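Listed below, chain by chain, are the residues.
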Amino acid sequence: METLKSAKSKLAAANKEITGFIGAFVDDSSFVETDAFVCSQNDFGKMPSEGVVSGIATVDSRYVCVFATNPEVLKGSIGAVNAKKIVRTVNNAVKTGRPLIAVLDTSGARITEGLECLEGYADIFKSFTVASANVPVITVVKGKNLGHLSYLTSMSDFIIACPDAVSASASPLVISAQTGLPEKEVGSSKKLAENGMVTHIAKKTELRALINDLLSICCDTEKSSKDDPNRVCKGLKAGINAQAVINQIIDDKKFIPVASEYAKSVTTGFAYLSEMPVGIVAVQGKLTAKACTKINDFLHLCDKIEKSVVFLVDCSGSEITAADADLMRDMSMLIDEINVFDQTKISVVFGKAVGIAYTAFVSLCDYKIAWEDASASVLESESAARLLYSDEIAKAKDKDKSAAKFASAYAEENASAMVVALSGHFDNVVNPNHTRAYLINTLMAFGGVGCI
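Residues numbered from 1 in each chain as written. Predicted model: local features only at pLDDT ≥ 70, side-chain atom pairs only at ≥ 80, totals over all residues. Heavy atoms only, no water.

A. Quick look at the overall build of the protein chain. Looking only at helices and strands, one finds 16 helices and 18 strands in the protein chain. When each of the 452 residues of the protein chain is scored for burial, the buried share is 51%. Put simply, the protein chain shows about 20,900 Å² of open surface, and 53% of that area lies on carbon and sulfur atoms. (Helix = DSSP H or I, 4+ residues; strand = E, 2+ residues; numbered from the N terminus. Buried < 20%, exposed > 50% of the residue type's maximum accessible area, 1.4 Å probe, protein only. Areas by Shrake-Rupley, 256 points an atom, 1.4 Å probe, with all protein chains shown as cover.)

Below is the structure:
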């Protein structure tokens, strides 16, 4: 029989690269392996650790459950035995209430096993479904993620892809041949980020900091900061960019974006307000179907990890395109998500809130703030003026000048923040530079923010 020393030496050699990758984001010497010696054999030879390294570790002293497929063993392929190993790790995360980190580098199924490998996939999906409802799930696509495990994206809260990673439901070569897409673009991390399938792209050297930030948001009730909660923001005024607003109001200008490459008219991410973690949704410009999907997914995550959400609104309604059916479906799903959202919702209108933007992101919130130069209306002021004063505009010598004049009057009389507040539709109208203090006090008044 092989000695313990010899067996451990062979395992260390076979798992050296993937163990090193895990070591890039967990605390030094914290990884404790599970099912370390599991090893079956087939026509291709022995499979050390079944091509999966699994265990428990800490990230900045927070315990996590980890598994990683090893591309050095049968290309990280998935079969019946290593599926059980993966499922045990996922189940351990649920049982202990610890976050799950999955590292994927696999070329697909061990097809020589026949339906047994598909049974393994089914068990993995079932375990992930349970985990995604109970604990934070972070999936890291290290290299290739081909075949069924590419479907784990919808069961993960955060999907991090390394710059050269590829994730696709089948071989990129096959997809390229059947669709005509360039093979290099099929499943690339850049394309996945643009399509909303990947929330972050990070190099190996960046993983530790990013995962630590994400776990901090999910697991910590507060984060130490010396930033004054009553700090007066500087330079906030009408027409400002949403990101500039975010940077001014949050603690230490530390913003953790989520899905930043997808639906860029909307910014979603996490930050701290007086040491309290919150989700932020900034909507600027026109709403699209993809923007609705992005917000919907983010709100679902915030609800799961029990984080309040701040909506920053400068939105002139929805974008009119040929894909109107997509907008109707995705907007309907978003409104449903907002209505069932159990955490505190605060709205700050820093520009316009027109039409559905007001209905979804202002009216349905628990507390509504507007900047003194903000506005809220059913239609854009000029559109409303052209409808209400069409006869007067038609008689004018300079119709555009006349329309602009009526639009200005309409906005002042019907849509300005103070007029809307007098009707009871805003809780408060504030000086823009005091936004941070108002938000923090409102969060505290509503009981702060929770954590899982």
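Back to the text.
B. Structural context of the packing of aromatic side chains. Inspection of the entire model under this criterion finds eight aromatic pairs. Judged by centre distance (5.0 Å) and plane angle (50°), the rings of F270 and F298 are tilted. Of this pair, F270 sits in strand β12 (residues 266-273) while F298 sits in helix α9 (residues 289-304), placing them 28 residues apart in sequence. With relative accessibility at 3%, the residue F298 sits in the buried group. Aromatic rings pair up to connect F158, F270 and F298 into one cluster. The positively charged end of R98 is found above the aromatic ring belonging to Y63, 4.7 Å away from the centroid. Lying across the ring of F21, K142 places its NZ or CZ 5.6 Å from the centre. (Phe/Tyr/Trp six-rings, centres within 6.5 Å; stacked < 30°, edge-to-face > 60°. Lys NZ or Arg CZ within 6 Å of the ring centre and 35° of its normal.)

C. Here's a closer look at helix α8 (residues 242-249). Of the positions making up α8, those classed as buried are A242, V245, I246, Q248 and I249. Buried positions in α8, seen along its axis, are confined to an arc of 165° and lie on one side of it. Here the buried face of α8 lies against β12, β13 (276-287), β14 (309-318), β15 (345-354), β16 (367-371) and α16 (435-445). For α8, the N-terminal cap is N241; the gap from its side-chain oxygen to the backbone nitrogen of Q243 is 2.8 Å. (Arc of directions from axis to C-beta. Contact = heavy atoms within 4.5 Å. Polar contact = N/O pair within 3.5 Å; in protein donor to acceptor, adjacent residues only side chain to side chain.)

D. Helix α2 (residues 16-23), seen in detail. Residues of α2 that are buried: I18, F21 and I22. Down the axis of α2, the smallest arc covering the buried residues is 100°, so these residues share one side. Where α2 is buried, its residues meet β4 (52-59), β5 (62-69), β6 (100-106), β7 (137-146) and α7 (207-219).

E. Local environment of the pairing of β13. With nine of its twelve residues buried, β13 lies for the most part within the structure. Between β12 and the antiparallel strand that follows it, β13, lie two residues; S274 among them carries a positive phi value of about 50°. Sheet topology places β13 next to β14; eight bridges connect them, and they run parallel. Following the sheet pairing, G285 is matched in β14 by C315. (Pairing = 2+ DSSP bridges.)

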